[in-house]
Each structure stands twice: as C-alpha cells, then as structure tokens.
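# Reading the structure
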Amino acid sequence: MKLLHSTHPQFTLHTNGAGHPERPDRLTAVTAGVRAVPKIEVVEVEAPLLDPAVLENVHTPAYVRAIEDLCASGGGRLDPDTSAVPESWEAALRAAGAGLDASSRLRAKEASAAFLSVRPPGHHALASQAMGFCLFNNIAVTAATLLAEGERVAIVDWDVHHGNGTQAMFYDRPELLYLSLHQFPAYPGTGWLDELGEGESRGTNVNLPFPPGTAGDVYRAAMDLIVSILSQFKADWVLVSAGYDAHSADPLADLHLVESDYGEMALAVAATAPAGRLIYYLEGGYDLAALEGSVAATILGTSGMPTPGDPHSSPDVAWLILEQVSQALASEFEL
Ligand SMILES: [Zn+2]
C-alpha cells in the first residue's frame, strides 16, 4: 500500500503553554507510528498553506480575522484549554490545508489513503469559537469543499471526545454522515444518541456515547453497526477524525482501548471506504507511546492487515448503550 503522509515543521511551533497535554512532542510520536509499519510505502508531503478565504466555508469571516489578529498581536488564550502563539496562524492554515491537498493527491492516484499528522486539532472548533485545543475545524474544511463539489461524505470520529464542532456544522446536511464514538459523559458534553440530525438530515448524525470503562470488545462490535450504516449511506469519501485518547493509557479520559482496537477499526473502515478515498486527520491522544503504537496499528489496518492483540472487556452498561444506539437507528437504517 502507498500511504500519503502529510505534515509540516510549523506544526511543532504551535503551543498551548508549558505542561499542556496537546504539545509538539505528540507529532514526533505520531510520525514514528506512521513510519513504523513494514511493507508500506510512505509518500511524504508538506501540508500547504490554505487560503484563509476557504476557512469561511465553515467559519465566520469575523472569527477567522479574530484568530489572525490574535496571532499577529502576540497570541493569547481563547478558552481555558486553548491558546494561540504567533506561529499558530501559519500552523492552523497548514492543518486546515492538508486535507484539501490530500484529496487532490488521492484523486491523482499518488496514494491509496492519507494520514495527516497535523496540529492544532480541529473537531471541537465551532463556526465562530475556538474550543478544546482546536482553532479551525480541519476535517470540516475538507468536507465542506467535497460537498460543494457534489460528493457524499462520511466522517467517522473515534476521538474519545464528541466532535461537537463537526456535528454542529453539518447537522442539517443530508449528504454528510457524521458518526462519532466517544465517552459520555465527558467533555464537551454533547453527543447523546438522540442527536440524529435535523429535518431531511435526520439519520445522518449518529452518536455512540459510551460510559467510562468501555473497552475494545464493544468498539469492535460497534464497528459492525458502523460498517452497515456506511455501506447504506454510500459515501464517495470517508474522512476519519483520528484521535487516540480512548486508549487505556491516555491521561485525559477513561476508556480502555488498546493498539489493536485501532487496527481493527481502521481495517473495517478501510474495507468499506471507496478505493483511494480515505483520509485520517490527527485529533487528540496524549500518551506518547500509546499514540505511536495506535497510529502504527491504524496504518496496518488500513493496509488490510489485522493487528495482533485482544481487546479488554467492557462493563455490561456499555453493551446496553450499544443496544440502545442500534434501536435508535432502527427506523433510519436496516441493521
Ligand atoms: Zn479528544
């Protein structure tokens, strides 16, 4: 398999301050994970700068200007968890630009899938608000452009936190399917299973909100449901908000995934995505060893190879939630 790997040195210059978990070292671990998989040809590309006007497909012009002005004036805090420094403006434009560049390169058959090692992450960013370490919603920028080109887009978000920004941006768009597996209750507080989309879009927003302690046995079972929904939606592109903070070693959350669970999820998603139309966007994940191993498992799974290793066991309540999700979706999909 040929894998496009998009990153840039500028991503290590964006910081949230000393001691913050969303730190430059994460990219070293992720990049090591991408390159660790044997028999994968990695095509390295630099994430290009995005024209800031393209951000306005998903963000308000006033918000884009406010981030640019904040960075130009030395940076500062945007919410209790999220900051910008002068270097963040260029980093954020490259993080948002990586996906569009990757989609062009995949169309040109330069590779069969893409992994974007980018910072800052994106899935919490709202149209006019930075949140949860995110400035611009990277995956949404790509998705909005693909939708404008008439493509159907599915976003699978396996970061442990609900992608509230992505959900909000496409909640009324029937040609975009948003599927999120996350811990609930947890930051940012959204993502219950009755948030199914609005009007014509009902059924194209799918949340799987799992209780603390949920492990890979339930996640693997949930992939059967997700694959079934993806197959029925018939997306032209599958984009993945690939966060790794559901790993048992992660300091920010309470789920119990292991490396091979990410491998199995990637194997299932890659088998369902149309050929050459799969892009992973780095979101969270704050334990460096878990990040490296889980990214490597993701790449292995994407290449069609299983990752050795058994899942941990979930509490009964996690299985109950999976059953409830299935029931909530029974009127929208054949499950
Ligand atoms: Zn997260």
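Located above this text is the structure these notes cover.
Below is a summary of the structure that appears in this document.

### Here we look at the environment of Thr-204
Following the sequence through the fold, Thr-204 ends up in the loop between strand S7 (176–183) and strand S8 (205–210). Residues Thr-204 and Ile-229, spaced 25 residues apart in sequence, show a C-alpha to C-alpha distance of 9.4 Å. At 2.6 Å, the side chain of Thr-204 forms a polar contact with the backbone oxygen of Ser-201.

### Quick word on the packing of helix H7 (residues 216–233) against helix H10 (residues 316–329)
Running from amino to carboxyl end, H7 crosses H10 at an angle of 10 degrees, the nearest separation of the two axes being 10 Å. Judged by the inter-axis angle, H7 sits roughly parallel to H10. Contacts between H7 and H10 involve Asp-217, Val-218, Ala-221, Ala-222, Leu-225 and Ile-229 from the former and Ala-318, Trp-319, Leu-322, Val-325, Ser-326 and Leu-329 from the latter. Its residues assigned to classes, the contact of H7 with H10 comprises ten nonpolar, one polar and one charged.

### What to know about the nonpolar core
The biggest cluster of nonpolar side chains holds 106 residues, and the ones touching the most others in it are Trp-158, Leu-208 and Leu-239. With ten residues, helix H4 (residues 88–107) is the single largest residue contributor to this core. Residues within four places of Leu-208 in sequence aside, it is in contact with Ser-180, Leu-181, His-182, Ala-222, Leu-225, Ile-226, Leu-322 and Val-325.

### So, the pattern of salt bridges
For the coordinates displayed, the defined rule picks out eleven salt bridges. Residue Arg-94 pairs with Glu-90 through a salt bridge whose shortest N-O separation is 2.8 Å. One end of the pair is Arg-94 and the other is Glu-90, both in helix H4 and four residues apart, which spans about a single turn. Residue class for Arg-94 comes out buried when judged on its relative accessible area of 13%. According to the relative accessible area criterion, Glu-90 is partly exposed, its value standing at 27%.

### Quick notes on H4
Along its 20 residues, H4 runs 29 Å from first to last C-alpha, staying within 8% of the 28 Å computed at 1.5 Å per residue. Counting buried positions along H4 yields 16 of 20 residues, so the element is predominantly enclosed. One or two steps after H4, the chain reaches Lys-109, where phi turns positive at roughly 65 degrees.

### Notes on unusual backbone geometry
For the bond from Arg-119 to Pro-120, the omega torsion is -5 degrees, close enough to zero to count as cis. Mapping Pro-120 onto the fold places it in the loop between strand S5 (113–116) and helix H5 (138–148). The residue after Tyr-187, namely Pro-188, is reached through a cis peptide bond having omega 0 degrees. Along the chain, Pro-188 turns up in the loop between S7 and S8. One non-glycine residue with positive phi stands out, namely Lys-39, at about 65 degrees. Positive phi, close to 65 degrees, is recorded for Lys-109, a residue that is not glycine. Its place among the elements puts Lys-109 in the loop between H4 and S5.

### Details of the coordination of the zinc ion
Asp-159 (OD), Asp-159 (OD), His-161 (ND1) and Asp-245 (OD) make up the full set of protein donors to the zinc ion, lying at 2.0 to 2.8 Å. Coordination at the zinc ion comes from four donor atoms whose angles at the metal span 52 to 155 degrees, giving a geometry best classed as irregular. All donor residues of the zinc ion come from one chain, and their arrangement in sequence is D-x1-H-x83-D. Placement of the pair is Asp-159 in the loop between strand S6 (153–157) and helix H6 (164–170) and Asp-245 in the loop between strand S9 (237–242) and helix H8 (259–272), with a sequence separation of 86 residues. Under the relative-accessibility criterion, Asp-245 is labelled buried at 0%.

Cut-offs and rules
Residues numbered from 1 in each chain as written. Predicted model: local features only at pLDDT ≥ 70, side-chain atom pairs only at ≥ 80, totals over all residues. Heavy atoms only, no water. Helix = DSSP H or I, 4+ residues; strand = E, 2+ residues; numbered from the N terminus. Polar contact = N/O pair within 3.5 Å; in protein donor to acceptor, adjacent residues only side chain to side chain. Axes fitted to C-alpha atoms, helices over the stretch in contact; angles between N-to-C directions. Parallel < 35°, antiparallel > 145°, perpendicular 65-115°, else oblique. Contact = heavy atoms within 4.5 Å. Nonpolar A, V, L, I, M, F, W, Y, C, P; charged D, E, K, R; others polar. Core = buried A, V, L, I, M, F, W, Y, C linked by side-chain atoms within 4.5 Å. Buried < 20%, exposed > 50% of the residue type's maximum accessible area, 1.4 Å probe, protein only. Salt bridge = Lys/Arg side-chain N within 4 Å of Asp/Glu carboxyl O. Expected span 1.5 Å × (residues − 1). Donors = N, O, S within 2.8 Å, 3.2 Å for Na, K, Ca; no water. Tetrahedral: all angles 85-135°; square planar, octahedral: opposite > 155°, others 65-115°.

By themselves these figures say nothing about function.
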